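# Report on the structure
Here are the chains, one letter per residue:
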Amino acid sequence: MINNTIAGVSTAVGNSGISVIRMSGPSAFSIADRLFKGRKTVKNQNTHTVQYGKIINPETGEMIDEVLLIKMEAPRTYTREDVVEISCHGGYTIARTLLNQLYGLGARPAEPGEFTKRAFLNGRIDLSQAEAVMDIIQARTERVSKVAVKQLEGSVSKKIDDIREKLIALLSGIEVNLDYPEYDAEEVTLSEAKKETIKIIADLDELIKSFRFGKLLREGMEVVIIGRPNVGKSSLMNRLTRKNRSIVTDIPGTTRDVIEEYVNIKGIPVKLVDTAGVRETEDQLEQLGVERSIRALESADFALILTDASQPLLAEDEEVITRAAGEKKSFVLIFNKLDLLKDEEKIDRLKKEYPDALFLSVKEDVGIEGLEEKIFDFAVQNNQDIDNQVLITNTRHEHQLKTARELLGSAVLSIQNGLTLDMVAMDIKAALEELGKITGHHADEDVVHAIFSRFCIGK
Amino acid sequence: MDEFIGGEYDVIVVGAGHAGCEAALASARLGLKTAVFCLNLDSIANLPCNPNIGGTAKGQLVREIDALGGQMGLAADATFIQSKILNRGKGPAVYSLRAQIDRRAYHSHMKWTLENQENLDVKQAEVTEILLENKKVRGVKVHTEAVYLCKAVILTTGTYLKGRIVIGKTSFSSGPDGLLPANHLSENLKELGIELVRFKTGTPARVNRRSIDFSKMVEQPGDDEITPFSFMTDEIKENQVSCYLVHTNKETHRIIEENLHRSPLYDGEIVGVGPRYCPSIEVKIVAFKDKESHQVFVEPMGLDTQEMYLQGMSTSMPMDVQIKMIQSLPGLENASIMRPAYAIEYDCINPTQLKLSLEFKELDGLFFAGQINGSSGYEEAAAQGIIAGINAAMKIKNREPLILDRSQAYIGVLIDDLVTKGTNEPYRMMTSRAEYRLWLRQDNADIRLTQLGRDIGLVGDERYGRFIKKKQQIEEEHIRLKNTILPPGEEIKSFLERHHSAKIVSGIRLYDLLKRPEIDYAHLKEIGQDAGLSREVAEQVAINIKYEGYLERQMAQIRQFKRMEKRRLPQDMNYSNIHGLSLEARQKLSSQKPESLGQASRISGVSPADISVLLVYLETQKRRS
């Protein structure tokens, strides 16, 4: 009865060392074979064994990750279907890339609770647990839809809405002519449809490019480094970026007077902002004004207030701290240059005075780990959407955007090949439906409504 | 007092409009003793609004009715006076046939067909009561107190139930076209626990052809080559009339705007809900202020009448405003109005009370079809009529009802939309409502439905024989096209050049040649490769090849859809006990009692998670039993 193959991530992604991607269904082995290069093909691998290998992007030949692959033949599996589990390295980026590859090769994003549902439908779970299964499905779906709504808040949601509006306008313009050919509603010609579709494709491409994970994961948690000149801001920034592979390079909006870098700290994408930037280096005498620090702090999720442990705190340092605390901003006070401070007693005194502060030496690589932990803890505490559901809904949305894009591409190709408006409309409508899956709208109702509200038709 | 039993039947059809006629004929043709009651036999199969049949989506419905063995297509072919294919060039999925009909001839044809139908009695009477016994239909009572016993009743009352016509400040109890309304049955239906709603529709004025100056209008002739509605029609008449096009102007709009306060639509007189796709001219002008003019089509009502129908000028304005409005149009300066435009309000039922078979859920043997179900249009009515007629017969014969799903027919889309989603305005069929439009074409209605009609018993030998022959020819032609390889040579080279098609270096199959957008099936003749097949067969073959990729995709979608439709939901399911269903889903499912998982998924408020929960629940039930 079930004839499609589903894939999802089955471990917590945010802070674990590895992620396990699970795929279940009749094509699980053949899909895995298109990506996985090990000593044996998955097809020839013995059931219930583990194999080491590499995940290779079949199009580019590029290696995505080194993994362990477990093959389990039906029916001795959780779902009683053919199952492949891939243990890859932790963090969102790899899990997401791998899932996207699987979806591109024909697996479908697993619905909430779907592995359990299949396990039940295939007789793996006994009747006494049926209610629990139904609960899981309902509860996970609610959770996911909450997360989905939360993530769609803001700019991405608006962009999807804009694209849907354009598609509805285009489609209702086509449909009104198909359903009311005798009326003088403005005719959408094939060449106009093509032009408009190409425009919408460009919008979608841009969205897909910028489409990342939920707000935090999409844009990165913004962490700003503030402090007076020469307390080691740039060195700290360099230290953090050198250690943590930069994961995002194509996010627009980088301004020139602050230095921004995207780093992956324990699986959390972080946008690091060094407020020092160009201006400070041009004029060493210019003091970093308190106001400017506060402004930088305002837009950030988290601030690293950096001071020099070898020098006493200045009045302006105190003021920044007081203001930050007063505005309930999240920050950590950092005493850098611990290496210059030979006096243990002084260190103890400072630690007593500032029990929440961190002490480190960028130069000697002391305390960096603790700082990263602090950033991660903050991210996890303050962003409940860091869990599997975020990744799952995001990869699903991404998949849907890409499918919509492909369908529109097919519409353009059909117009080029001289196919008729009815076929073209089929692609455009299917694309609209894909976007509707993200926003929870029904294409049919929207198009019919648009026909009557936009055009004056009828006897 | 003892009841006077006027007669005893298997099936009684109440109303002889387009739904009633198809219902009565289907039931009688399936061998059941049937009676059809009509308020006035001179209004059988009346066309009280536009004098045409077909159009986008509606033409598809007519072809489907025909493919199942219905009458509408045959009657239209016999009485059309002008015919057109709409959407030529926009693709096979949306080609739609539309014909101007001689209104009186259509009526006579249908009345004659009913009168001559074996097993069918035609009776003039107003049905005032449905008689029940233990929630099961036992018969009907008419205004003369006579009782007719039966096993099933099909209500096809159109716009007659408590009909009220409104023209400006004037309003009166009436059916359409000045016919008698049915004022008694509504109360009885309410007593039976049936939820009624009030809808509104309207029609424009009719003017005398002799008072029109056609030189100021644009003539709209019919097609040169005429395509019949019915798969049974070979010989067909020529076009006999033209339609004409004019436009409203600033003066028309000024007259309407100045008199808006006198429109019953805007002064609160009319409460019924009107259709968005059939707006009166005052609604168009209010809703589309920027549009400087609107089209008005002038259409003949028949060959032996001077009445002309003004499509686009539907209104409920008072008479004096109507006259001014019409006379402001070019060519209509001296128009003599024969019948005024009017709005009509009527009772219909909330169709979500029905099963997909069109039987009322709570009352055994009571079926509903046509405008009483909240639809609008002759074709929509007839489509429901034939299904209700078939299913009343199937019920009495103890057979499974005929339920067409959304992937089989526009009829299926129509009934599923009405029954599953309900409607808050008179429902018109549109091609954009059909998810599987590429498959639900007018050209293949027989391929989709004639075998089903045969299985039911409504398709006779002649129709079935034609169908089998056509199918066979299509298959053979497919094989021929796949097996015939043209070698590269001078003839094919110049053929390809002539059609601006890429040249070939090795042989090409005819099948692959036809895949090229610039090569039509008709072109094969030029290279001596046509098989001399009929237009219908050639069309099927050509469409199947040209659109193969899209059709395959559509078929995959249909297979996916069917999986959900096949999972039946027991009618006695207690949804309030199902763990894990959302509250809203429990309420909706309990009241609507969907017949399949697929239907449940289309009820608003039932989420995909609820469907998963139902799937798991069904599995537990299966394992327990």
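The text that follows walks through the structure, step by step, so that each part is easy to find. (Residues numbered from 1 in each chain as written. Chains lettered and ligands numbered in written order. Predicted model: local features only at pLDDT ≥ 70, side-chain atom pairs only at ≥ 80, totals over all residues. Heavy atoms only, no water.)

## Structural notes on a nonpolar patch on the surface
Taken together, the side chains of V50(A), Y52(A) and L68(A) define a hydrophobic patch exposed on the protein surface, amounting to about 300 Å² of accessible area. For V50(A), the location among the structural elements is in strand β4 (residues 49–56). (Patch = residues over 30% accessible without salt bridge, like charges linked within 9 Å, V, L, I, M, F, W, Y side chains within 5 Å. Areas by Shrake-Rupley, 256 points an atom, 1.4 Å probe, with all protein chains shown as cover. Salt bridge = Lys/Arg side-chain N within 4 Å of Asp/Glu carboxyl O. Helix = DSSP H or I, 4+ residues; strand = E, 2+ residues; numbered from the N terminus.)

## Quick look at helix α17 (residues 583–592) of chain B
Residue and element names in this part refer to chain B. All of the buried residues along α17 are A585, L589 and Q592. End-on, the buried residues of α17 take up no more than an arc of 75 degrees, which puts them together on one face. In α17, those exposed residues whose orientation departs by more than 90 degrees from the buried face are L583, Q587 and S591. Contact partners of the buried residues in α17: α10 (410–421), α18 (597–601) and α19 (608–624). Of the residues flanking the end of α17, it is K593, one or two places downstream, whose phi is positive at about 45 degrees. (Buried < 20%, exposed > 50% of the residue type's maximum accessible area, 1.4 Å probe, protein only. Arc of directions from axis to C-beta. Contact = heavy atoms within 4.5 Å.)

## Considerations on the nonpolar core
If you look at the biggest cluster of nonpolar residues, it comprises 109 residues, and the most contacted ones within it are I53(B), Y106(B), L155(B), L366(B) and I411(B). Each of two domains, domain 1 (4–199 + 346–456) and domain 2 (206–345) of chain B, supplies a minimum of three residues to this core. Apart from residues no more than four positions distant in its own chain, Y106(B) is found in contact with H18(B), A45(B), L47(B), I53(B), M72(B), A75(B), A76(B), T79(B) and I101(B). By size, the runner-up hydrophobic cluster in this structure holds 49 residues, among which are L167(A), I208(A), L401(A) and Y277(B). (Core = buried A, V, L, I, M, F, W, Y, C linked by side-chain atoms within 4.5 Å. Domains from an automatic or database assignment.)

## Some details on the pattern of salt bridges
As enumerated under the stated definition, the model contains 62 salt bridges over all chains in all. Residue D308(A) pairs with K337(A) through a salt bridge whose shortest N-O separation is 3.5 Å. Within this pair, whereas D308(A) is found in strand β11 (residues 302–308), its partner K337(A) is found in the loop between β12 (331–336) and α12 (344–353), the two being separated by 29 residues in sequence. Judged by relative accessible area, D308(A) falls into the buried class, the value being 3%. Note that R509(B) and D512(B) form a salt bridge whose closest N and O atoms lie 3.0 Å from each other.

## What about the pairing of strand β2 (residues 18–24) of chain A?
Residues and elements named next belong to chain A. Counting buried positions over the 7 residues of β2 gives 6, a clear majority of the element. Inspection of the sheet shows strand β1 (residues 6–9) paired to β2 by 4 bridges, in the antiparallel sense. For I6, the partnering residue across the bridge sits in β2 and is S24. As paired strands, β2 and strand β6 (residues 83–89) are joined by 7 bridges and run antiparallel to one another. Each residue of the ladder has a partner; that of S24, found in β6, is V83. (Pairing = 2+ DSSP bridges.)

## Considering the packing of helix α11 (residues 445–456) of chain B against helix α12 (residues 461–483) of chain B
All names here are of chain B. α12 packs onto α11 with a crossing angle of 140 degrees between their chain directions and a minimal axis gap of 10 Å. In terms of their interaxial angle, α11 and α12 are classed as oblique. As α11 packs across α12, the resulting crossing turns out to be left-handed. Counting all contacts with α11, which are made through D446, I447, T450, Q451 and R454, the residues of α12 involved are D461, Y464, F467, K470, K471 and I474. Tallied by class, residues from the contact of α11 with α12 come to 4 nonpolar, 2 polar and 5 charged. (Axes fitted to C-alpha atoms, helices over the stretch in contact; angles between N-to-C directions. Parallel < 35°, antiparallel > 145°, perpendicular 65-115°, else oblique. Left-handed = near helix turned anticlockwise from the far one by under 90°. Nonpolar A, V, L, I, M, F, W, Y, C, P; charged D, E, K, R; others polar.)

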